[in-house]
Amino acid sequence: MGVLKLKGNILRYLCLALFVPAFLFTPVFEFVHLVNAQINLNTEIEVTICGNGEVETVNEECDYGDGNNVGGYSTTITGRQCNPDCTWAPYCGDDIVQTVNNEECDDGNNEPDDFCTAECKRVSVVGPSGPTGSGNNTPGSSTPPGNTQVKIVGKAYPHSNVNILKDGTVIGVVAADAKADFSFTSAGITPGTTTFGIWAEDRLGLRSIALTVTFEVVQGSTTTVSGVFLPPTLDLDRTEVNRGDIINMTGSTVPEVQVSTEVNSEHTILDSTISSETGEWELDFDTSPLEEGAHTARAMFEIEDAGLASESSFSQAVSFFVGQGQATIGTADLNLDDRVNLIDFSILLFHWNTDGGDSDPPADINRGGRVDLADFSIMLFNWTG
Amino acid sequence: MKKITPLILVVFLLSANIVNAASLYIDPSGASFSKDDTFTAKIRLNTDSEECINAAEIRIDYPENLINVIDVSDGESIFTLWVEEPKINKDEGFVSFAGGIPGGYCGRIPGDPGLTNVIATLILQPNINADEPVNIPISFTENGNTVLLNDGRGTEASLELYGAEFSIQGTLVEGRGEWFDLLDEDNTAPESFTIELTKNNQVFDGKYYIAFSTTDKGSGIDHYEVLEKQIDDDFLARLFWFTRDDQEWRPAESPYVLRDQDLNSVISVKAVDNAGNERIATLIPPEALRKDNIVEDLVPLLIIGSILGGLVLFVKKKKQSINNES
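These numbers were taken from a predicted model, which means no experiment stands behind them.

About the cut-offs
Residues numbered from 1 in each chain as written. Chains lettered and ligands numbered in written order. Predicted model: local features only at pLDDT ≥ 70, side-chain atom pairs only at ≥ 80, totals over all residues. Helix = DSSP H or I, 4+ residues; strand = E, 2+ residues; numbered from the N terminus. Buried ≥ 20, exposed ≤ 12 C-beta atoms within 10 Å, placed from the backbone. Contact = placed C-beta atoms within 7 Å. Pairing = 2+ DSSP bridges. Axes fitted to C-alpha atoms, helices over the stretch in contact; angles between N-to-C directions. Arc of directions from axis to C-beta. pLDDT = per-residue confidence, 0-100.

1. A short note on the overall build of chain A
Helices and strands together make up the secondary structure of chain A, namely 3 helices and 17 strands. Looking at chain A as a whole, 42% of its 385 residues qualify as buried.

So this is what it looks like as structure tokens:
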């Protein structure tokens with residue numbers, strides 16, 4: 001490249017030298033999964049499609065079908081319109097006074113004989129003071145008909161930043177509130193098979209695994225993915241202990257929920273605690289029942305909402321060793337930039353099907369002697385985008 | 001053009017429900033086609049409801065004397081990263097590839113309007129002309145397929161494999177078949193993407209390289225091309241634009257080692273799908289990383305100086321000789 005540039009420059013300056021006299025007189029122009037898991041998972045991630053003409057579960061109030069959810073104000077209950085996000089557009093009779101649509105009152109009906117008329121005008125008022133008319137057709141949303149949207153709703157950690165990935169690439173970061181609830185909407189999604197990944201970092205700096213959902217995005221519809229519950233974060237105060245030592249497990253999750261932990265051994269050991277008002281949880285685990293060797297711990301939470309119990313999936317499995325030894329799985333962050341993304345993948349590809357050479361951290365993540373599919377799998381598990 | 005054999009399909013669907021941790025199957029499992037027809041066979045993956053998978057290595061055998069695999073599409077694939085791009089071995093009659101999905105795939109979720117479990121799509125074309133139906137088996141190579149759990153340890157999932165058998169009879173009467181119809185309909189460009197510029201002492205001898213990846217929701221990514229175009233940020237470069245070392249689009253794979261290690265070029269990556277739709281991502285290297293080569297800048301100046309000096313001396317001498325003569 002350097003040689004090429006040098007040649008180019010020489011040519012330029014030669015041209016300059018040869019044509020300088022002419023230019024002097026010319027104007028110049030410019031230009032862990034545990035196999036014997038004892039806890040029964042009941043994670044309820046659900047997809048609803050706004051625009052398919054069916055009112056689905058709690059995420060939709062209405063659905064008039066593709067292209068018909070155009071929103072707009074209605075002067076009657078029977079004529080009310082559906083917004084592109086499948087919520088009701090404003091209407092006279094919705095119990096909300098919409099002054100922008102010239103409503104003077106709204107008693108939740110279209111009855112003419114009460115204090116508010118069927119057109120949402122005050123009966124006692126003689127002559128309206130504001131502009132009259134049947135109201136403007138103000139769309140309830142700026143989303144044009146035909147736009148393809150995906151909405152993701154779930155729980156992470158209080159006041160955490162939730163990263164949203166589409167097909168492995170971060171497309172947005174949204175903040176969870178004090179109750180750990182978050183909601184993210186992305187417009188302009190290309191229809192077709194799409195994978196969304198969701199992960200967050202809690203206030204202790206601990207990261208969740210990326211929870212993923214893969215589904216068919218339908219053109220011109222709003223697809224809502226609800227029940228995206230990120231599992232608790234989990235950290236151990238030490239990873240090498242003597243049998244009988246206490247390991248302190250800490251992490252974050254949704255406030256005031258039951259956190260269940262699972263430690264793998266000859267027999268899986270379960271325990272549980274309740275998270276604090278701010279979402280932190282802590283549990284002392286007695287290693288006496290464990291045999292010497294490598295073990296993993298992981299956590300999940302259970303929540304009850306409107307009488308229905310739901311559970312998150314499991315957190316990542318954190319390894320520890322009872323006795324003398326250490327965990328064999330290394331880091332997937334091969335360039336140590338605190339992210340696992342395309343750059344780490346490129347390093348893995350460079351060493352693909354070799355022993356990993358002198359790579360440090362080793363591209364042979366599981367120390368299996370070869371950079372292979374298992375190392376790739378570990379990297380994908382830890383992917384942050 | 002395509003007739004799915006109902007009995008085979010029913011038997012298959014019943015058997016496909018018997019899922020261990022994961023099962024790979026070909027869809028459709030049976031159908032009739034004609035010679036020269038181009039049809040698709042999807043490689044699909046089912047997972048146990050409590051298992052998530054994130055990587056797979058696939059190898060499929062086909063009778064190369066009876067049928068051609070003309071392409072492998074990742075158009076509807078749940079996989080977004082490929083460690084081994086699809087390879088068609090026409091001599092030995094097998095197709096192989098390996099890829100994965102960050103965060104894992106945990107099966108179809110309630111409410112999803114699609115099956116959403118395609119790993120790749122084989123584009124097939126029978127190359128025999130048969131008066132009587134000829135059966136063509138497409139099967140997963142024994143011990144050649146691996147699916148790994150998304151458990152952070154690379155644990156192998158227990159796997160069940162279901163191949164397919166197609167029947168060939170007669171010759172295609174009209175059109176070019178399903179695959180070319182799909183290409184004609186595909187007018188969606190690959191997804192937008194970004195270019196990662198980096199260097200690492202442990203790879204490519206510490207040279208700058210780029211990494212990139214995208215997906216295509218239609219016919220699938222066919223290939224990538226890279227263009228490194230010199231940044232014309234000085235007066236002389238603009239004035240003598242015709243002397244630029246403009247590079248051309250070059251076929252490329254990620255990771256790609258940059259030719260211009262001084263980073264004085266605008267880097268563009270073009271993703272092209274199987275229907276020819278393109279998406280271009282561009283990266284201008286940060287000013288702080290660009291390298292000014294002082295020697296390169298001084299040499300041309302010295303050359304100009306010498307030429308100008310020579311011209312001046314020549315003119316002076318000429319004038320002197322004219323004066324002397326007169």
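2. Quick word on the overall build of chain B
Along the backbone of chain B there are 4 helices and 20 strands. Looking at chain B alone, contacts between residues at least 24 apart form 76% of all its contacts between residues at least 6 apart.

3. Topic: the sheet that holds strand β1 (residues 46-50) of chain A
Residue and element names in this part refer to chain A. Taken together, the 4 strands give an open sheet; going across it, the order is β1-β8-β2-β5, and neighbouring strands pair in mixed fashion. The open sheet has two free edges, formed respectively by β1 and β5 (181-187), since each of these has just one partner strand. For this sheet, the mean inter-axis angle between neighbouring strands, taken without regard to orientation, is 15 degrees. Where β1 lies against strand β8 (residues 222-229), 5 bridges are found, and the strand directions are antiparallel. Bridged to T48 within β8 is T224.

4. Examining helix α2 (residues 342-350) of chain A
The element α2(A) is largely enclosed, with a buried count of 9 among its 9 residues. Restricting attention to buried positions, one finds in α2(A) the residues A:L342, A:I343, A:D344, A:F345, A:S346, A:I347, A:L348, A:L349 and A:F350. As for α2(A), its buried residues are in contact with α3 (373-381) of chain A together with β7 (81-89), β14 (196-198) and β15 (209-211) of chain B.

5. Here we look at the environment of A:S221
Residues and elements named next belong to chain A. Relative to the helices and strands, S221 is located in the loop between β7 (211-217) and β8. On the basis of neighbour counts, which here come to 27 C-beta atoms within 10 Å, the residue S221 falls in the buried class. When near neighbours in sequence (up to four residues on either side) are disregarded, S221 contacts I49, C50, G51, N52, D66 and T148.

6. Side note on the sheet that holds strand β9 (residues 118-126) of chain B
Residues and elements named next belong to chain B. Strand order across the open sheet formed by 5 strands is β6-β9-β4-β2-β12, with mixed pairing between neighbours. Strands with a single pairing partner mark the edges of an open sheet, and in this sheet they are β6 (67-73) and β12 (159-162). The average undirected angle you get between the axes of adjacent strands in this sheet is 20 degrees. Examined bridge by bridge, strand β2 (residues 22-27) and strand β4 (residues 39-47) share 6 bridges and lie antiparallel to one another. Pairing of S23 across the sheet is with N46, part of β4.

7. Observations concerning the environment of A:D355
All names here are of chain A. Secondary-structure assignment places D355 in the loop between α2 and α3. For D355, a count of 14 C-beta atoms within 10 Å corresponds to the partly exposed category. For the pair D355 and R370, spaced 15 residues apart in the sequence, the C-alpha separation amounts to 4.3 Å. Ignoring sequence-local partners within four residues, the contact set of D355 consists of D364, G369 and R370.

8. Details of helix α2 (residues 178-185) of chain B
Residues and elements named next belong to chain B. Buried residues of α2: W179, L182 and L183, and no others. Buried residues along α2 cover an arc of 100 degrees about the axis, so they all sit on one side. Among the exposed residues of α2, those pointing more than 90 degrees away from its buried face are D184 and E185.

9. Focus: the pairing of strand β20 (residues 278-283) of chain B
All names here are of chain B. Strand direction decides the pairing type here: strand β19 (residues 265-273) and β20, joined by 6 bridges, are antiparallel. Looking at β20, one finds that K270 is bridged to I280. The turn linking β19 back onto β20 is made up of 4 residues, and G276 within it adopts a positive phi angle of 95 degrees.

10. A look at the confidence of the model for chain A
All names here are of chain A. Across chain A, the average pLDDT comes to 80, with 80% of residues at 70 or higher. This stretch, residues 1-8, has a pLDDT under 50; its non-local contacts, to residues over four places away or in other chains, come to 15 contacts. Low confidence marks residues 19-42, where pLDDT is under 50. Its contacts with residues over four positions away, or in another chain, come to 25 contacts.

11. Thoughts on unusual backbone geometry
Note: most peptide bonds trans; most residues except glycine with negative phi. Residues and elements named next belong to chain B. Omega for the bond connecting D27 with P28 falls within 30 degrees of zero, at 5 degrees, which places this linkage in the cis form. Along the chain, P28 falls in the loop between β2 and β3 (30-35). Omega for the bond connecting S254 with P255 falls within 30 degrees of zero, at 0 degrees, which places this linkage in the cis form. Inspection of the secondary structure assignment puts P255 in the loop between β17 (250-252) and β18 (256-257).

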